Amino acid sequence: MEEEKYNLITQELLLAGYCAEHHPDYVVIPAGRCGASPLDNTDGGFVYSRKYLENAVFVTGCGLSVRYRECIGRLDYMDRMFCAENDNVIVKCPKYKKVCADNDPLLSSESNYLCFCVCHMASDYTYEKNIQHLTEEADQLKEERFEKFKARYKNRICLHHMQYDYKKQEWSMNYNPLVCVSTCGPGHYCSLRGKQLSAQKGNVFYDVKVSTLRKDGTLFDGEPITSIIKGKKFLKKQTSLDICKAVIKMNARAIFQKEWENGYSRLVLTDPDLKLEILNVRSAARVHRDKEQDLLEQKEGIQICYESDMQKAVRREKQKQKEKRLQRVQRKVQIKGLEALTDAEKRFVGKRLTKEQIAQLERQRCQNQKAIKEEQQLSLFEYEKERNEPYEKTKALETETVRSNG
């Protein structure tokens, strides 16, 4: 049927004899036309006017009143459009019930992350039975429960680690020091500890030990290979040493998980003998190197390297690549000029060279072109001279012959 592509209000108006040129004032034709008729649009035909929706009242399946401004205007979910024009606008459930007999079966499921209710248009609005009133009561109860929770723990709480369950109507606290890394700094007052954090900055350092068996088909096949990467950082930035100690105490498993997911979980698929260990987890302001311990481990055949040395090597390699690229671009400018560079090469040169250096390259190009032209002209002159030399010799010989015969 042709009308099935339109929303519910459009179908009702078409059956009542209205058309795109003649329709009630409480509906309008939106933009987004995608067909021959103005009603062929992305909204499915007519839509309610803004003024009409501001005064409209909707009611949930359990009888709660709601204004349109408190609803989700449009939601396309599972090939169904939930909107006011289809008389199924949705609102966030104030009771946080995932499964409800009064709700649409499509939105009533334990697997849903959020709780939504379908609302239908109504005429009466009762403040005592509306979502706004229930929300205000829920927020007031939330504040009361917060004060009780605060008194129970004698103000030793932190909102960064607390959650409120609206369904159970209770507060809970799950302390995670990793949250403190981004929310608290050195010297800040910690309400959980009841004192200021240490002003000394530091990080969580640890060593990674990787062991496997040699598999190269030689006489040494099957021998153990062990390497240790020392001085690795767990946190992305420095923080108070008190927080670092708390991270070590409560998030030790997270350190192993970070390294395991950073590539070793894939390596173990091709090397079943690979073993990963986290050693010497400590909080410190910087990495301290124990040269004697390093020498003892190297004598035992263990490969030792430091994370900082590896990062410096990577930076040096990147710098070498950039220098090689700069040399290539400079040669290109000297030969072909700035006009021959791509946009990326122009940005690269603009960051690496000053305007005077770029102008110097242009002058060198002009000098090179001038020298090439002079060399070409000289070569042409020598060529003409070499080509005419046998002719001149022959002519001179003929002249001498004529004189001798005369």
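All figures in this text were calculated on a predicted structure; none of them were measured in a lab. (Residues numbered from 1 in each chain as written. Predicted model: local features only at pLDDT ≥ 70, side-chain atom pairs only at ≥ 80, totals over all residues. Heavy atoms only, no water.)

J.: When you look at the overall build of the chain in this model, what are you seeing that I'm missing?
T.: Along the chain, the regular secondary structure elements total 10 helices and 17 strands. In terms of overall size, the chain is more extended than a compact globule, its C-alpha atoms giving a radius of gyration of 40 Å where 406 residues would be expected to give roughly 22 Å. Viewed in the frame of its principal axes, the chain has a C-alpha envelope of about 140 × 80 × 50 Å. The proportion of buried residues among the 406 residues of the chain is 30%. Taking the intrachain contacts of the chain between residues at least 6 apart in sequence as the baseline, contacts between residues at least 24 apart amount to 56%. Of the roughly 27800 Å² that the chain leaves accessible, carbon and sulfur atoms contribute 51%. One way to put it: in the chain the 70 positive side-chain charges average out to a point 9 Å from where the 60 negative ones average out. (Helix = DSSP H or I, 4+ residues; strand = E, 2+ residues; numbered from the N terminus. Rg over C-alpha atoms; globule rule 2.2 N^0.38 Å. Buried < 20%, exposed > 50% of the residue type's maximum accessible area, 1.4 Å probe, protein only. Contact = heavy atoms within 4.5 Å. Areas by Shrake-Rupley, 256 points an atom, 1.4 Å probe, with all protein chains shown as cover. Lys, Arg positive; Asp, Glu negative; His and termini not counted. Charge placed at Lys NZ, Arg CZ, Asp CG, Glu CD.)

J.: What am I meant to see in the pairing of strand E9 (residues 162-165) here?
T.: Of the two faces of E9, only one is covered, namely that formed by Met162 and Tyr164; the face formed by Gln163 and Asp165 stays uncovered. Relative to strand E10 (residues 170-173), E9 is paired through four bridges, and the arrangement is antiparallel. Across the sheet, the residue bridging to Asp165 is Glu170, located in E10. What sits between E9 and E10 in their antiparallel hairpin is a turn of four residues, with Gln169 showing a positive phi close to 55°. (Pairing = 2+ DSSP bridges.)

J.: What's the story with a negative patch on the surface in this structure? I'm lost.
T.: On the surface, Glu136, Glu137, Asp139, Glu143 and Glu147 cluster together into a negatively charged patch. Relative to the helices and strands, Glu137 resides in helix H3 (residues 131-152). (Patch = residues over 30% accessible without salt bridge, like charges linked within 9 Å, V, L, I, M, F, W, Y side chains within 5 Å. Salt bridge = Lys/Arg side-chain N within 4 Å of Asp/Glu carboxyl O.)

J.: Teacher, can you tell me more about the side chain of Asp104 here?
T.: Tracing the chain through its elements places Asp104 in the loop between strand E7 (89-92) and strand E8 (116-122). Since its relative accessible area comes to 15%, Asp104 is described here as buried. Among the polar contacts made by the side chain of Asp104, one reaches the side chain of Arg80 at a distance of 3.2 Å. Within polar-contact distance, the side chain of Asp104 engages the backbone nitrogen of Leu106 at 2.8 Å. (Polar contact = N/O pair within 3.5 Å; in protein donor to acceptor, adjacent residues only side chain to side chain.)

J.: So what exactly am I meant to see when it comes to the state of the cysteines here?
T.: Two cysteines form a disulfide when their sulfur atoms are joined by a covalent bond. Counted by the stated rule, this structure contains zero disulfides. Take Cys244: it sits in no disulfide, and the sulfur closest to it among the cysteines is that of Cys180, at 11 Å. (Disulfide = S-S within 2.5 Å.)

J.: Sorry, what's going on with helix H5 (residues 241-250) here?
T.: Note: α-helices contain 3.6 residues per turn, so residues at a spacing of three or four share the same orientation. Residues of H5 that are buried include every one of Leu241, Asp242, Ile243, Cys244, Ala246 and Val247, and no others. Buried positions along H5 lie against helix H4 (177-183), strand E12 (195-196), strand E13 (201-213), strand E15 (239-240), helix H6 (252-270) and strand E16 (275-284).

J.: Just to check I follow, could you spell out the sheet that holds E8 for this structure?
T.: Two orientations exist for strands paired in a sheet by backbone hydrogen bonds: parallel and antiparallel. Spatial ordering of the open sheet is given by E4-E3-E8-E7, a layout of four strands whose pairing is antiparallel. The sheet is open, and its two edges are formed by strand E4 (65-67) and E7, each paired on a single side. Mean inter-strand twist for the sheet, computed between neighbouring axes without regard to direction, equals 45°. Two elements, strand E3 (residues 57-60) and E8, share four bridges in a ladder whose sense is antiparallel. Bridge assignment links Phe58 to a residue of E8, and that residue is Met121. (Axes fitted to C-alpha atoms, helices over the stretch in contact; angles between N-to-C directions.)

J.: Honestly, the packing of aromatic side chains in this entry has me stumped. Any pointers?
T.: Both the distance between ring centres and the angle between the ring planes are used here to describe each pair of aromatic rings. Inspection of every chain in the model, using the stated rule, returns 10 aromatic pairs. Ring geometry for Phe58 against Tyr68: centres 6.1 Å apart, planes inclined by 40°, an arrangement best described as tilted. One end of the pair, Phe58, is in strand E3; the other, Tyr68, is in the loop between E4 and strand E5 (74-77), and 10 residues separate them in sequence. Look at Tyr68 and you get partly exposed, because its relative accessible area is 22%. Seen from their ring centres, Phe256 and Trp260 are 6.0 Å apart, and the 10° between their planes marks the pair as stacked. Placement of both Phe256 and Trp260 in helix H6 is noted, with a separation of four residues, approximately one turn of the helix. Members of the aromatic cluster, joined through ring pairs, are Tyr96, Phe146, Tyr164, Tyr166 and Trp171. Just above the ring of Tyr306 sits the side chain of Arg289; from NZ or CZ to the centre is 4.1 Å. (Phe/Tyr/Trp six-rings, centres within 6.5 Å; stacked < 30°, edge-to-face > 60°. Lys NZ or Arg CZ within 6 Å of the ring centre and 35° of its normal.)

J.: Even after reading the chapter, I still don't get the nonpolar core, so can you show me in this structure?
T.: Where a protein is soluble and globular, its nonpolar side chains tend to be buried together. One finds Val27, Tyr48, Phe58, Val66, Val91 and Cys119 to be the most contacted residues of the largest nonpolar core, which totals 22 residues. The contact partners of Phe58, leaving out residues within four places of it in the chain, are Leu64, Ser65, Val66, Tyr68, Ala84, Val89, Cys119, His120, Met121 and Ala122. Val208, Phe234, Ile243 and Leu274 belong to the second largest nonpolar core, which has 19 residues in total. (Core = buried A, V, L, I, M, F, W, Y, C linked by side-chain atoms within 4.5 Å.)

J.: Help me out: how do you make sense of the environment of Glu223 in this one?
T.: Among the structural elements, Glu223 can be located in the loop between E13 and strand E14 (224-233). Relative accessible area serves as the criterion here: at 38%, Glu223 is assigned to the partly exposed category. For the pair Glu223 and Phe149, spaced 74 residues apart in sequence, the C-alpha to C-alpha distance is 59 Å. If we skip the residues at most four places from it in the chain, Glu223 touches Thr212, Leu213 and Arg214.

It is worth stressing that arrangement in space is one thing and function is another; only the former is reported here.
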